[in-house]
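Here are the chains, one letter per residue:
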Amino acid sequence: MKRIGVMTSGGDAPGMNAAIRAVVRCGIARGMEVYGIRRGYEGLIDNEIVRLYLSDAGGIMHRGGTFLGTARSERFRTEEGQNRAKDVLNMYGIEGLVVIGGNGSLTGAIALSDRGIKVMGLPGTIDNDLSYTDFSIGFDTAVNTCLDAISKIRDTSSSHDRNTVIEVMGRECGDIAIYAGMTGGAEMVLVPEMDYDIDDVVAKVMSGIRRGKTHSIIIKAEGSKGTTREITDKIQELTGRETREVVLSYLQRGGSPTAKDRMIATLTGAKAVELLDENSESMAIGIRDNRIAAYPLREALEMPKRNNFEAVKDLVDVLSK
Ligand code: F6P
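In short, a report on the structure. Owing to the predicted nature of the structure, the values given are computational and were not obtained by experimental measurement.

### Some details on the packing of helix α7 (residues 198–210) against helix α8 (residues 228–239)
Interhelical geometry of α7 versus α8 gives an angle of 50 degrees and a closest axis separation of 10 Å. By the angle between their directions, the pair α7 and α8 is classed as oblique. When you trace α7 past α8, the crossing you get is right-handed. Between α7 and α8, the contacting residues are Ile198, Val201, Val202, Val205, Met206 and Ile209 on the first element and Ile231, Lys234, Ile235, Leu238 and Thr239 on the second.

### Focus: the sheet that holds strand β1 (residues 3–8)
Spatially, seven strands are ordered β3-β2-β1-β4-β5-β10-β11 in an open sheet, and the strand pairing comes out mixed. Of all the strands in the sheet, just β3 (49–52) and β11 (291–296) have a single pairing partner and so form its edges. On average, each strand axis in the sheet is tilted by 25 degrees relative to the strand beside it, whichever way the strands run. Where β1 lies against strand β4 (residues 96–101), five bridges are found, and the strand directions are parallel. Bridging from a neighbouring strand, Met7 pairs with Val99 of β4.

### Some points on the nonpolar core
Counting residues in each nonpolar core, the largest one holds 55 residues, and the members touching the most others are Val6, Val98 and Ile219. Among the elements that make up this core, the one with the highest residue count is helix α5 (residues 139–160) (seven residues). Leaving out residues up to four positions away in the same chain, Val98 has contacts with Gly5, Val6, Met7, Val23, Met120, Leu122, Ala272 and Leu276. Core analysis: the next-biggest nonpolar cluster, separate from the first, contains 30 residues, Met7, Leu89, Val99 and Val119 among them.

### Some words on the packing of aromatic side chains
Two aromatic rings are characterised by how far apart their centres lie and by the angle between their planes. Evaluated as defined, the whole model comprises six aromatic pairs. Ring geometry for Phe135 versus Tyr179: centroids 6.1 Å apart, planes at 85 degrees, classification edge-to-face. In this pair, Phe135 is assigned in the loop between β5 (118–123) and α5 and Tyr179 in helix α6 (residues 175–183), connecting sequence segments 44 residues apart. Its relative accessible area of 36% is what places Tyr179 among the partly exposed residues. The rings of Phe135, Phe139 and Tyr179 are connected pair by pair, giving a single aromatic cluster. Over the face of the ring belonging to Tyr196 we find Lys225, whose NZ or CZ atom lies 5.0 Å from the ring centre.

### Notes on a nonpolar patch on the surface
Side chains of Met263, Leu267 and Ile292 sit close together on the surface and give an oily, nonpolar patch of about 260 Å² of accessible area. Take Met263: it is sitting in helix α9 (residues 259–277). Judged by its relative accessible area of 53%, Met263 falls in the exposed class.

### Some words on the pattern of salt bridges
Per the stated rule, a full pass over the model turns up 20 salt bridges. In this structure, Arg298 and Asp114 form a salt bridge, with 2.8 Å as the shortest nitrogen-oxygen distance. Linking Arg298 in helix α10 (residues 297–302) with Asp114 in the loop between α4 (103–113) and β5, this pair joins segments that are 184 residues apart in sequence. The exposure class assigned to Arg298 is partly exposed, which follows from its relative accessible area of 43%. You can call Asp114 exposed: its relative accessible area is 52%. One salt bridge in this structure joins Lys152 and Asp148, with 3.0 Å as the shortest N-O distance. You can see Lys152 and its partner Asp148 sitting in helix α5, four residues apart, about one turn around the helix. Each of Arg39, Glu42, Asp46, Glu48 and Arg75 takes part in one network of salt bridges that share partners.

Parameters at a glance
The residue numbering used here restarts from 1 in each chain and proceeds along that chain's sequence as written. Local features in this predicted model are restricted to residues whose pLDDT is 70 or higher, and side-chain atom pairs enter the listing and the counts only when it is 80 or higher, whereas totals over whole chains, interfaces and linings include all residues. Only hydrogens and water are set aside; all other atoms, that is, all heavy atoms of the structure, feed into the side-chain values. Think of each axis as a best-fit line through the C-alpha atoms, taken over the contacting stretch in the case of a helix, with angles from 0 to 180 degrees between the N-to-C directions. Only DSSP runs of H or I covering at least 4 residues are called helices, and only runs of E covering at least 2 are called strands; the numbering of each starts at the N terminus. Any angle from 65 to 115 degrees is called roughly perpendicular, while one under 35 is roughly parallel, one over 145 is roughly antiparallel, and all others are oblique. Each helix crossing is assigned a hand: it is left-handed if the near helix lies turned anticlockwise from the far helix by less than a right angle, otherwise right-handed if that turn is clockwise. Residue contacts follow a heavy-atom distance rule, with two residues in contact if any of their heavy atoms lie within 4.5 Å. Note: two strands are recorded as paired if DSSP finds a minimum of 2 bridges between them. Residues enter a nonpolar core if they are buried and are Ala, Val, Leu, Ile, Met, Phe, Trp, Tyr or Cys, with the set joined through side-chain atoms within 4.5 Å. Exposure categories follow from relative accessible area, calculated using a 1.4 Å probe and restricted to protein chains: below 20% of the type maximum is buried, above 50% is exposed, and the middle band is partly exposed. Two rings from Phe, Tyr or Trp (for Trp, the six-membered ring) form a pair when their centres sit within 6.5 Å of each other. Planes less than 30 degrees apart are called stacked, planes more than 60 degrees apart edge-to-face, and all others tilted. A ring is considered to have a charge above it if a Lys NZ or an Arg CZ atom is located within 6 Å of its centre and within 35 degrees of its normal. Within this analysis, patches are made of residues with over 30% relative accessible area and no salt bridge. Like charges are joined at 9 Å or less; nonpolar side chains (Val, Leu, Ile, Met, Phe, Trp, Tyr) at 5 Å or less. Exposure was quantified through the Shrake-Rupley algorithm and a 1.4 Å probe, taking into account, for residues, occlusion by the shown protein chains and nothing else. We define a salt bridge as a side-chain nitrogen of Lys or Arg found within 4 Å of a carboxyl oxygen belonging to Asp or Glu.

Below is the structure:
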């Protein structure tokens, strides 16, 4: 395989640049021509493709975001858009494509794979919502950003005897909330995957107050039941203690990637190029049980997510006594 493409798609994630760098440099080292596709599937449909050289991958690894740009493409959801994307790749003679993105982006890649393009999917999302990999590129950085915010919010919350409900990202996946909540010493973590009763949240805060706690921190994933405003108001009303709401939002998506994210990005990027060079079938590459692992693309995206939220919830409860 002589010509390969690389793109980032969906929400950006710290470490995407490190993955692009690995693809460009490993590809060129194997004698390939590497092409960068701008703005994900949108840019592919619109023929926004540039040849990438060794120097293009310089000075980007430490930067958050993605220098290729990214987008959520409605057009690529249609058959017409998918055919057009494939035609553009054929026009350039690009036989293999590395797609760096989350669940939606890698599921979209199946459409190209079905049209004869060899696609290697890398897990690029802060959400960690891909089942086939233990960790995705950007997740560790996002969790550490949340942790830093929680620590700062704790300083002021304890000084003022306030409770705080901190909303973190994750529309369908509670991993950021769980990791940030557990490591940030939260009183409770609310995730989309599990229902909860607001009375239990209030009871937890009240039991802390009775034991002399000056503040409680509740971490709420954005996709969990109810709005952050509603929960905040309810806690304030029923505990009689001032309660504030903080939505971390896009802060979590920016910033220089941690060593862990750079490592996952680099190793999965290198593996993607290796597999393309071997003319492998389309695969999704990730990290499983501390090793780089690759699975057939469709199979990877159909795997059920491994989680143990019940046990985690109980542990958070015990640890925050
Ligand atoms: O997929 C990553 C993510 O940051 C989610 O956690 C969040 O729900 C969503 O993207 C926000 O997307 P947008 O950039 O379209 O606002």
